[in-house]
Amino acid sequence: MPRRGLILQTRTHWLLLGLALLCSLVLFLYLLECAPQTDGNAPLPGVVGENYGKEYYQALLQEQEEHYQTRATSLKRQIAQLKQELQEMSEKMRSLQERKSVGANGIGYQGNKEQTPSDLLEFLHSQIDKAEVSIGAKLPSEYGVIPFESFTLMKVFQLEMGLTRHPEEKPVRKDKRDELVEVIEAGLEVINNPDEDDEQEDEDGPLGEKMVFNENDFIEGYYRTERDKGTQYELFFKKADLMEYRHVTLFRPFGPLMKVKSEMIDITRSIINIIVPLAERTEAFAQFMQNFRDVCIHQDKRIHLTVVYFGKEGLSKVKSILESVTSESNFHNYTLVSLNEEFNRGRGLNVGARAWDKGEVLMFFCDVDIYFSAEFLNSCRLNAEPGSQKGFWLLARFWLWNDLSVSVRFPDNWTI
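Residues numbered from 1 in each chain as written. Predicted model: local features only at pLDDT ≥ 70, side-chain atom pairs only at ≥ 80, totals over all residues. Heavy atoms only, no water.

Quick notes on the nonpolar core
Then, number 1: Residues Ile 274, Phe 285, Phe 288, Met 289, Phe 292, Leu 305 and Phe 372 are the most contacted members of the largest nonpolar core, which totals 33 residues.
Then, number 2: Every element with two or more residues in this core is listed here: strand 8 (272-278), helix 5 (282-300), strand 9 (303-310), helix 6 (315-329), strand 11 (362-365) and helix 8 (374-382).
Then, number 3: With eight residues, helix 5 is the single largest residue contributor to this core.
Then, number 4: Residues contacting Met 289, with those up to four places away along its chain left out, are Leu 305, Ile 321, Leu 322 and Val 325.
Then, number 5: Core analysis: the next-biggest nonpolar cluster, separate from the first, contains 18 residues, Leu 180, Leu 188, Ile 191 and Phe 213 among them. (Core = buried A, V, L, I, M, F, W, Y, C linked by side-chain atoms within 4.5 Å. Buried < 20%, exposed > 50% of the residue type's maximum accessible area, 1.4 Å probe, protein only. Helix = DSSP H or I, 4+ residues; strand = E, 2+ residues; numbered from the N terminus. Contact = heavy atoms within 4.5 Å.)

Okay, here's the thing in structure tokens:
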């Protein structure tokens, strides 16, 4: 028994040794098969079935280099052609500028007509024709409107200041003061020495002498600048003992001032319909009517008042205030429209405008907090023309009850 067990154990060891050698042989063969190829003509990764040598890639690089050189030569040729065309255009522009510079040198000598070339005068007149002073312009929106600045003999009222600073100021820059003084003097020259084509009649003074206007007769003016054309000036003059105003329009087309027109304006028959939407604020309305009595009834006397009242509360108080003004000042030119609905300013202005049925009138959309003067009402009349859409915008100045000065603008065609 021990001998048979020893033989069985020996056979088992040889069997295990044979299996180990067989596994080693199989592993060695597998490694030989998986080893990377070292042949120089082996295919590149990603290219299947074809072998490319060094000469192929050299030829490919040379072909690409020739293509880019041809492209660069073409671009250089195009750049040279563009430079030549640009040089030709520059020479043409230079010749035009030299021709215009001759006229620009004669701007300061406007008194001597021989020194002012005809082409300069044609250019200046073309600037007037292109500006909004004559024909107006079609704008995409209200943001394209060029605003007017208002000025008097002593002060300038600026619209672009907003409410962060006071818009009323004295011009501190000498060039601005000199500009406005020159404009006023030019307007006086137009009025006192009219041309034959001016639309105005000669007026005589109380002793038969010729009436002469001076700077004290200047009421107010407006100006705005179109940066590519020039500056437009609207001037208004008035004698203290006359009702007519003299209106002079001047335009500075980047050169001397040129008269556009001179006309006489009669505002004696121009009625203003003040439309006030209101709800409940009876105390503010009483204060408004006090200013209305002093300015519109006692001074101007060419006003119609339209009050559109919303709701029932306070309506009797408003009627009492209007009846009190009627009895004290014998004023009957007012209309009270009562609406039993919530306050809506736009609705009130619309109803107030439609309530007028007595012909042509100038409408002034007003709030109950606004304080205005007789001069402001005349400014409304001067800058409004029935049925006109000439694009002139009035820069009006309101003073609220708290002495806060604000600036608003409205068009001249607010008429019905």
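Considerations on the confidence of the model for the protein
Then, number 1: Considering every residue of the protein, the mean pLDDT works out to 78; 76% of them sit at 70 or more.
Then, number 2: Contacts from residues 103-115, a stretch scored under 50 in pLDDT, to residues over four places away or in other chains number 11 contacts.
Then, number 3: For the stretch residues 389-416, pLDDT sits under 50, and the model shows 91 contacts to residues farther than four places along the chain or on other chains. (pLDDT = per-residue confidence, 0-100.)

Examining the environment of Leu 139
Then, number 1: Residue position: Leu 139 is located in the loop between helix 3 (118-130) and strand 1 (149-151).
Then, number 2: With a relative accessible area of 34%, Leu 139 lands in the partly exposed category.
Then, number 3: Excluding residues that lie within four positions of it along the chain, Leu 139 makes contacts with Glu 132, Gly 144 and Val 145.

Here we look at the pattern of salt bridges
Then, number 1: Taken as a whole, this structure holds 13 salt bridges when the rule is applied.
Then, number 2: The salt bridge involving Lys 176 is made with Glu 179; its shortest N-O contact spans 3.1 Å. Taken together, the residues Lys 176 and Glu 179, both in helix 4 (residues 174-192) and three residues apart, mark about one turn of the helix.
Then, number 3: On the accessibility criterion, Glu 179 (17% relative accessible area) is buried.
Then, number 4: Between Arg 302 and Asp 300 there is a salt bridge, with the nearest N and O atoms lying 3.5 Å from each other. You'll find Arg 302 and Asp 300 in the same group, each marked buried. (Salt bridge = Lys/Arg side-chain N within 4 Å of Asp/Glu carboxyl O.)

Brief notes about the sheet that holds strand 8
Then, number 1: Strand order across the open sheet formed by four strands is 10-9-8-11, with parallel pairing between neighbours. On the outer flanks of this sheet lie strand 10 (334-339) and strand 11, each paired with one strand and no other. On average, each strand axis in the sheet is tilted by 20 degrees relative to the strand beside it, whichever way the strands run.
Then, number 2: Alignment of strand 9 against strand 10, held across six bridges, turns out to be parallel. Bridging from a neighbouring strand, Val 307 pairs with Leu 336 of strand 10. (Pairing = 2+ DSSP bridges. Axes fitted to C-alpha atoms, helices over the stretch in contact; angles between N-to-C directions.)

Quick look at the side chain of Lys 229
Then, number 1: Along the chain, the position of Lys 229 falls in the loop between strand 4 (218-226) and strand 5 (230-237).
Then, number 2: With relative accessibility at 15%, the residue Lys 229 sits in the buried group.
Then, number 3: A polar atom in the side chain of Lys 229 sits 3.0 Å from the side chain of Asp 228.
Then, number 4: Among residues more than four places away in sequence, those in contact with Lys 229 are Gln 127, Lys 130, Ala 131, Phe 251, Arg 252, Pro 253 and Phe 254. (Polar contact = N/O pair within 3.5 Å; in protein donor to acceptor, adjacent residues only side chain to side chain.)

A short note on the sheet that holds strand 4
Then, number 1: Read from one edge to the other, the open sheet built from seven strands follows the order 3-2-1-4-5-6-7, with strand pairing classed as antiparallel. Of all the strands in the sheet, just strand 3 (168-169) and strand 7 (258-265) have a single pairing partner and so form its edges.
Then, number 2: Direction of pairing for strand 4 relative to strand 5: antiparallel, over a ladder of eight bridges. Paired with Glu 220 across the two strands is Phe 236, which belongs to strand 5.
Then, number 3: Against the sheet, helix 4 engages strand 1, strand 2 (156-157), strand 4, strand 5, strand 6 (245-252) and strand 7, with an angle of about 125 degrees to strand 6.

Overview of the packing of helix 5 against helix 6
Axis angle and axis distance: for two packed helices, these are the angle between their axes and the distance between the axes, and together they describe the pair.
Then, number 1: Running from amino to carboxyl end, helix 5 crosses helix 6 at an angle of 25 degrees, the nearest separation of the two axes being 10 Å. Relative to helix 6, the element helix 5 lies roughly parallel. When you trace helix 5 past helix 6, the crossing you get is right-handed. For the pair helix 5 and helix 6, the contacting residues are Thr 282, Phe 285, Ala 286, Met 289, Arg 293, Ile 297 and His 298 in the first and Lys 317, Val 318, Ile 321, Leu 322, Val 325, Glu 328 and Ser 329 in the second.
Then, number 2: Per-class residue counts for the contact of helix 5 with helix 6 are eight nonpolar, three polar and three charged. (Parallel < 35°, antiparallel > 145°, perpendicular 65-115°, else oblique. Left-handed = near helix turned anticlockwise from the far one by under 90°. Nonpolar A, V, L, I, M, F, W, Y, C, P; charged D, E, K, R; others polar.)

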